[in-house]
Amino acid sequence: MKDPGTPQPASRRRLVIAFLPLVLFIALSGVFLYQLGSGKNASEIPSVLIGSKAPSLDLAPLEGLVEDGKAVPALTDAAIDGKLALINVWASWCVPCRQEHPILLELARDPRIMLVGINYKDKTENALRFLGELGNPFAAVGIDPNGKAAIDWGVYGVPETYLVAPDGKILFKQIGPFTIDALREKLLPAIEKAMAPGA
């Protein structure tokens, strides 16, 4: 005769299943607490492309975008070849893109870099209106209506910005909008390092 105080196999299985969500919750909580305590910024997602050759660019121009009476050129490899280029992925529907735009206008004045844009999954009329209202910081703009170029570049979401060396190597990636702090603490040092002799 079985001891009535001993759990039966079916009862044990139900007990394990009942406590499984609690065990998983505790394990995940431990991982999240470790990440919080590590001092790492969760928004700083490393890019596997840093240090590697930038994906090829052969994007059509943003039709109707004119600067000083001339059509702004398309974004191609030839447009940035041999230049220290800052490539900004943006869209008119992107609220953070609007927030960072004044910083991009200032960056466009920096003679050390060529600021260019990839217009991501946007409508031409909306993109033109966006740049018409806020100003155009870009020396070249390519359109990426289906997001293929963004996939090649490993874009998580707009805005994202890449600093590309004259030899085509990706030096730096900014995920999310530029802030004054990100500009001062991350991008400008990356530009200075790229401009240093022997870089």
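Preceding this section is the structure that the text describes.
Quick caveat, the model's predicted, so the values are computed rather than measured.

### Let's talk about the nonpolar core
The biggest cluster of nonpolar side chains holds 49 residues, and the ones touching the most others in it are I87, W153, L163 and L187. Beyond its immediate sequence surroundings of up to four residues, L187 is in contact with L86, L107, L163, F172, F178 and A182.

### Examining the pairing of strand β7 (residues 170-175)
Two strands pair when backbone bridges link them, and strand β6 (residues 160-164) and β7 are joined in this way by five bridges, in the antiparallel orientation. Across the sheet, the residue bridging to L163 is F172, located in β7. In textbook terms, the turn of a hairpin is the stretch between consecutive antiparallel strands, and for β6 and β7 this stretch comprises five residues, one of which, G168, has a positive phi near 95 degrees.

### Looking at the state of the cysteines
Across all of its chains, the model carries one disulfide by this definition. One disulfide in the model links C94 with C97; its S-S distance is 2.4 Å. Judged by the sign of its S-S torsion, about 85 degrees, the bond between C94 and C97 is right-handed. Across the pair, exposure class does not vary: C94 and C97 are buried alike.

### A few points about the sheet that holds strand β5 (residues 141-144)
What holds strands together in a sheet is hydrogen bonding between their backbones, with the strands either parallel or antiparallel. With mixed pairing, five strands are arranged side by side in an open sheet as β5-β4-β3-β6-β7. Two strands in the sheet have a free side with no partner beyond their single neighbour: β5 and β7. Across the sheet, the axes of successive neighbouring strands diverge by a mean angle of 20 degrees, strand direction being ignored. Bridge count for strand β3 (residues 85-90) against strand β4 (residues 114-120) is six bridges, and the pairing is parallel. From the neighbouring strand, W90 faces β4, where its bridge partner is N119. Of the strands in this sheet, β3, β6 and β7 are in contact with helix α6 (residues 180-195), which crosses β7 at around 170 degrees.

The rules behind the values
Residues numbered from 1 in each chain as written. Predicted model: local features only at pLDDT ≥ 70, side-chain atom pairs only at ≥ 80, totals over all residues. Heavy atoms only, no water. Core = buried A, V, L, I, M, F, W, Y, C linked by side-chain atoms within 4.5 Å. Buried < 20%, exposed > 50% of the residue type's maximum accessible area, 1.4 Å probe, protein only. Contact = heavy atoms within 4.5 Å. Pairing = 2+ DSSP bridges. Helix = DSSP H or I, 4+ residues; strand = E, 2+ residues; numbered from the N terminus. Disulfide = S-S within 2.5 Å. Axes fitted to C-alpha atoms, helices over the stretch in contact; angles between N-to-C directions.

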